[in-house]
Amino acid sequence: MNLERIQQALRSEGLDGWLFFDFRKSNPIAYQVLSIPLDTFFSRRWFYFIPANGTPTALVSAVESHVLQALPGEKRVFRTWQEMQFHLGTILLAGSLIAMEYSPMNAIPYMSRIDGGMLELIRSFGVEIVSSANVAQRFIAQLSEAQMESHREAGRRLIAAKDALFSALGNDLRSGVALDEYSVVQRFTTLILHAGLVLADPPHVAVNANASNPHFEPTSENHSPIQRGDLILFDFWARLPEAEAIIADYTWMAFAGTRDEIPAHQREVFEIVRRARDTGIAFLRDQLAAGQSVEGRQVDDVTRAVIIDAGYTDYFIHRTGHNIGTVIHGNGANLDNFETQDSRILLPATCCSMEPGIYLPEFGIRSEVNLLVHEHDVEVTGTPVQEEIVALM
């Protein structure tokens, strides 16, 4: 844990302190920020208060008085709930502005880690509680240069694996080899592993109406054949094997046939999705170049507007993008003003997906790239980005 960096962040946000609270792993954000291993055993409530200036204070149960001993500052021990409340009252100064893992109106559920009763208790000491959503991003979402390069390299290897798969599928289709979603998933998985990548879950392959389910995952018991004339969605992600490597996550669309055979409606829908994707990226790039901060929900609004204007409002059924870290869905800002109201700022050195989609009853189309956000620009990874549906034959 970098105490100096945390206190600098608190001062820059105009906060008097940051109060961490956890009960039985209810607050994973606290573990990330404080660099506490998630497999550490805790069975009682604990608190850790970092003031904007001065010495932090840990408040722990007498049953587990050894916990948090690696963190800097003083330690106070409580035996009873009355002693716990007494110590909190001496640690927290009335009138202070305190950050906690709380989101007003549950607008950002990823940050809503403090229960209502605890909020009532802390407010009873006369402090004002604000969300730690933005300040926490500096410690749970911002990446090192090495991590950003690990993401780029994972992206390069994933795209190469995709290219190899598409080439092999084209040969199979021309030769009349029987194909199905599940067998293609297994082949794709093998290619990704042979590229030296690690994946927690297999890629998704979905044809036609199956692609209308954004999270369709074929299994050995539930899968469809892939035949000439089918539209196929490929959603794939992986990371390098090194510790703290960042995941890359992409979605491509392909057609089991020649370019001339791709139905006009599918071409039109893909073009709308592509335009929405590129409009969102251009908005983010322009705002950053102008020195403007950008909230995740703003990018969602701009991207979604393209699909709404095209008449497909009811068929874009998820957020525009999610934060990416060492796990595929990280705890940083999402591109979302649809499922949630993500007002968090897209900070430099963070990564997110950009993946608008249109899901019609007969087929679904999504185009997904990843974005590395820099101070005055945005970098698209997984290049070259898809510009049209790929004809496999």
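What you see is a predicted model, and the numbers here were worked out from it, not measured in a lab.

### Digging into the overall build of the protein chain
A count of helices and strands for the protein chain gives 9 helices and 18 strands. Along the first, second and third principal axes, the C-alpha set of the protein chain runs to 75 × 40 × 35 Å. Evaluated residue by residue, the protein chain yields a buried proportion of 53% over its 393 residues. For the protein chain, the share of sequence-separated contacts (at least 6 apart) that also reach a separation of at least 24 residues comes to 67%. Of the roughly 16,500 Å² that the protein chain leaves accessible, carbon and sulfur atoms contribute 51%.

### Description of the nonpolar core
Membership of the largest hydrophobic core comes to 32 residues, with the highest contact counts inside it found for Trp18, Phe20, Trp46, Tyr48 and Leu68. Elements supplying a minimum of two residues to this core: helix 1 (3-12), strand 1 (17-22), helix 2 (28-34), strand 2 (46-51), strand 3 (57-61) and helix 5 (133-140). Residues within four places of Trp18 in sequence aside, it is in contact with Ile6, Leu10, Val33, Tyr48, Phe49, Ile50, Ala99, Glu101, Ser132, Val135, Ala136 and Phe139. In this structure, Leu197, Val205, Phe236 and Ala254 belong to the second largest nonpolar core, which totals 30 residues.

### Side note on the environment of Gly325
For Gly325, the position within the fold is in the loop between strand 12 (323-324) and strand 13 (350-354). On the basis of relative accessible area, Gly325 is assigned to the buried category, the value being 11%. Sequence-wise, Gly325 and Ala141 are 184 residues apart; in three dimensions their C-alpha atoms are separated by 6.7 Å. Those residues within four positions of Gly325 in sequence are excluded, and the remaining contacts are Ala245, Ile246 and Ile247.

### Description of the pattern of salt bridges
Counted under the stated rule, the structure contains 23 salt bridges. For the salt bridge of Asp342 with Arg344, the shortest nitrogen-to-oxygen distance reads 2.8 Å. In this structure, Asp342 and Arg344 share a single accessibility class: buried. Counted as one network, the salt bridges with shared partners bring together Glu145, Glu149, Arg152, Glu153, Arg156, Arg157 and Glu379.

### Considering the packing of aromatic side chains
Counting across every chain of the model gives 11 aromatic pairs. Between the aromatic rings of Phe188 and Phe236, the centroid separation amounts to 5.1 Å while the plane-to-plane angle is 55°, which identifies the pairing as tilted. Of this pair, Phe188 sits in helix 7 (residues 181-194) while Phe236 sits in strand 10 (residues 231-238), and the two are 48 residues apart along the sequence. In this pair, the class of Phe188 matches that of Phe236, namely buried. Within the aromatic cluster, the residues linked to one another by ring pairs are Phe166, Phe188, Phe234, Phe236 and Tyr250. One Lys or Arg, Arg123, reaches over the ring of Tyr102 and ends 5.4 Å from the middle of that ring. Lying over the aromatic face of Phe338, Arg304 brings its terminal NZ or CZ to 4.1 Å of the ring centre.

### What about helix 6 (residues 145-175)?
The end-to-end C-alpha separation of helix 6 is 45 Å, in line with the 45 Å expected for 31 residues at 1.5 Å each. Following helix 6 by one or two positions, Gly176 adopts a phi angle in the positive range, close to 80°.

### Structural notes on the side chain of Ser132
Turning to its location among the elements, Ser132 is positioned in the loop between strand 6 (128-131) and helix 5. In this structure Ser132 comes out as buried when scored by relative accessible area, which is 0%. What Ser132 contacts, discounting residues up to four positions off in sequence, is Trp18, Ala99, Met100, Glu101, Tyr102 and Met111.

### Structural notes on the environment of Asp314
Tracing the backbone through its elements, the reader meets Asp314 in the loop between helix 9 (296-309) and strand 12. Distance in space between the C-alpha atoms of Asp314 and Met111 is 28 Å, their sequence separation being 203 residues.

### Let's talk about the sheet that holds strand 6
Read across the open sheet, the 6 strands follow the order 4-3-2-1-5-6; overall the sheet is mixed. Both outer strands of the open sheet, strand 4 (74-78) and strand 6, are each paired with one neighbouring strand and no more. This sheet shows a mean twist of 25° between the axes of neighbouring strands, independent of strand direction. Its contacts with the sheet put helix 3 (residues 81-91) on strand 2, strand 3 and strand 4, and the angle it makes with strand 4 is roughly 150°. Of the strands in this sheet, strand 1, strand 2, strand 5 (97-100) and strand 6 touch helix 4 (residues 116-123), which is tilted by about 135° from strand 6.

### Side note on the sheet that holds strand 18 (residues 390-391)
Across the sheet, which stays open at both edges, the 4 strands sit in the order 8-10-11-18 with mixed pairing between neighbours. Two strands in the sheet have a free side with no partner beyond their single neighbour: strand 8 (204-207) and strand 18. As judged from the 4 bridges shared by strand 8 and strand 10, these two strands associate in the antiparallel manner. Bridging across to strand 10, Val207 finds its partner in Ile232.

### Thoughts on the packing of helix 6 against helix 7
For the pair helix 6 and helix 7, the least separation of the axes is 9 Å and the interaxial angle reads 140°. With respect to helix 7, the element helix 6 is oriented oblique. As for the relative orientation of helix 6 and helix 7, their crossing is right-handed in sense. In this structure, helix 6 uses Leu158, Ala161, Lys162, Ala164, Leu165, Ala168, Leu169 and Asp172 to contact helix 7, whose residues at the interface are Val184, Arg187, Phe188, Leu191 and Ile192. In the contact of helix 6 with helix 7, the residues fall into 10 nonpolar, no polar and 3 charged.

What counts and what doesn't
- All chains use their own residue numbering, which begins from 1 and follows the written sequence.
- For a predicted model such as this one, the threshold for reporting local features is a pLDDT of at least 70, and the threshold for listing and counting side-chain atom pairs is 80 or more; totals across whole chains, interfaces and linings nevertheless cover every residue.
- Only hydrogens and water are set aside when side-chain values are computed; all heavy atoms of the structure are taken into account.
- Only runs of H or I of at least four residues qualify as helices and only runs of E of at least two qualify as strands under DSSP, and these elements are numbered from the N terminus.
- Exposure classes here rest on a 1.4 Å probe applied to the protein chains alone. A residue is buried below 20% of its type maximum, exposed above 50%, and partly exposed in between.
- Contacts between residues were defined by any pair of non-hydrogen atoms, one from each residue, lying within 4.5 Å.
- Here, Shrake-Rupley sampling with a 1.4 Å probe gives the accessible areas, and only protein chains in the shown set may cover a residue.
- Grouping buried Ala, Val, Leu, Ile, Met, Phe, Trp, Tyr and Cys residues that are joined through side-chain atoms within 4.5 Å yields what is termed a nonpolar core.
- Salt bridge criterion: a side-chain nitrogen from Lys or Arg within 4 Å of a carboxyl oxygen from Asp or Glu.
- For Phe, Tyr and Trp, where Trp contributes only its six-membered ring, two rings pair if their centres lie within 6.5 Å, and the inter-plane angle classes them as stacked under 30 degrees, edge-to-face over 60, or tilted in between.
- Sitting over a ring, as applied to charges here, requires NZ of Lys or CZ of Arg to be within 6 Å of the ring centre and within 35 degrees of the ring normal.
- By this rule the span expected of a helix is its residue count minus one, scaled by 1.5 Å.
- A pair of strands is considered paired only if DSSP assigns at least 2 bridges between the two.
- Angles run from 0 to 180 degrees between N-to-C directions of axes, and those axes are lines fitted to C-alpha atoms, restricted for helices to the stretch in contact.
- An angle below 35 degrees is treated as roughly parallel, one above 145 as roughly antiparallel, one from 65 to 115 as roughly perpendicular, and anything else as oblique.
- Throughout, a crossing is termed right-handed when the near helix is turned clockwise from the far one, and left-handed when it is turned anticlockwise from it by less than a right angle.
- Residues are grouped as follows: Ala, Val, Leu, Ile, Met, Phe, Trp, Tyr, Cys and Pro are nonpolar; Asp, Glu, Lys and Arg are charged; all remaining types, including Gly, are polar.

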